[in-house]
Amino acid sequence: MDIGAILQTICLTALNYGLSTCIEDQGVMFPRVVREHTGIPESSRILISIAIGYPDWDFPANKLESARESLDNVVTWYGDA
Ligand SMILES: Cc1cc2nc3c(=O)[nH]c(=O)nc-3n(C[C@H](O)[C@H](O)[C@H](O)COP(=O)(O)O)c2cc1C
């Protein structure tokens, strides 16, 4: 839960600076490349990675808009509204 909250905060903060993000398992699956480029030592475990950069809106994949599950399907509200 803590890591999820931090991930989302980093992604939303990046957005505020005009950057886009993609939370990725790739850094966990290919740690050698990440360590090589970042200097993260073997003694530090990589749990998740986030790709951050300026989006190229002309690139077709960046025009994709995925459907969102309705809030009512994922949230149960308790208490008085
Ligand atoms: C914990 C976690 C790990 C993810 N790992 C990958 C990944 O390795 N590769 C990838 O393409 N997307 C990965 N995703 C999905 C993307 O971060 C993103 O949520 C997805 O592309 C949906 O984008 P959208 O929210 O803009 O529709 C991961 C998401 C989460 C939450």
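The structure presented is a predicted model; accordingly, all values stated were derived computationally and were not measured.

Q: Now, about the site of the ligand: what can you tell me, with residues and values included?
A: Taken together, Cys-22, Ile-23, Glu-24, Asp-25, Gln-26, Ile-48, Ser-66 and Arg-68 make up the full set of residues near the ligand. In this structure, an oxygen atom belonging to the ligand sits 2.8 Å away from a main-chain N or O atom of Asp-25. Between the ligand and Arg-68 there is a distance of 3.0 Å, counted from an oxygen atom to a side-chain nitrogen or oxygen. Contact with the protein chains covers 44% of the free accessible surface of the ligand, which is 630 Å². With three residues, the top contributor of residues to the shell around the ligand is strand β1 (residues 20–24).

Q: Explain the pattern of salt bridges to me, and be specific about the residues and the numbers.
A: Note on pairing: side chains with opposite charge can pair once their charged atoms come close. Taken as a whole and judged by the stated rule, the model has two salt bridges. The partner of Arg-32 in a salt bridge is Glu-36, and the shortest N-O contact between them spans 3.2 Å. Taken together, the residues Arg-32 and Glu-36, both in helix α3 (residues 31–38) and four residues apart, mark about one turn of the helix. A relative accessible area of 60% means that Arg-32 is categorised as exposed. Under the relative-accessibility criterion, Glu-36 is labelled exposed at 56%. Glu-42 is paired through a salt bridge with Arg-35; the nearest N and O atoms lie 3.8 Å apart. On the accessibility criterion, Arg-35 (15% relative accessible area) is buried.

Q: Tell me what's going on with helix α1 (residues 2–16), and back it up with residues and numbers.
A: The first and last C-alpha atoms of α1 sit 21 Å apart over 15 residues, in line with the 21 Å expected at 1.5 Å per residue. Of all the residues in α1, the buried ones are Leu-7, Cys-11 and Ala-14. Buried residues of α1, seen end-on, are gathered within an arc of 65° and therefore sit on one face of the element. Among the exposed residues of α1, those pointing more than 90 degrees away from its buried face are Asp-2, Ile-6, Gln-8, Leu-12 and Asn-16. Buried residues belonging to α1 abut β1 and β2 (49–53). Positive backbone phi, approximately 80°, marks Gly-18, located one or two places after α1.

Cut-off values and rules
- Residues numbered from 1 in each chain as written.
- Predicted model: local features only at pLDDT ≥ 70, side-chain atom pairs only at ≥ 80, totals over all residues.
- Heavy atoms only, no water.
- Near = heavy atom within 4 Å.
- Polar contact = N/O pair within 3.5 Å; in protein donor to acceptor, adjacent residues only side chain to side chain.
- Areas by Shrake-Rupley, 256 points an atom, 1.4 Å probe, with all protein chains shown as cover.
- Helix = DSSP H or I, 4+ residues; strand = E, 2+ residues; numbered from the N terminus.
- Salt bridge = Lys/Arg side-chain N within 4 Å of Asp/Glu carboxyl O.
- Buried < 20%, exposed > 50% of the residue type's maximum accessible area, 1.4 Å probe, protein only.
- Expected span 1.5 Å × (residues − 1).
- Arc of directions from axis to C-beta.
- Contact = heavy atoms within 4.5 Å.

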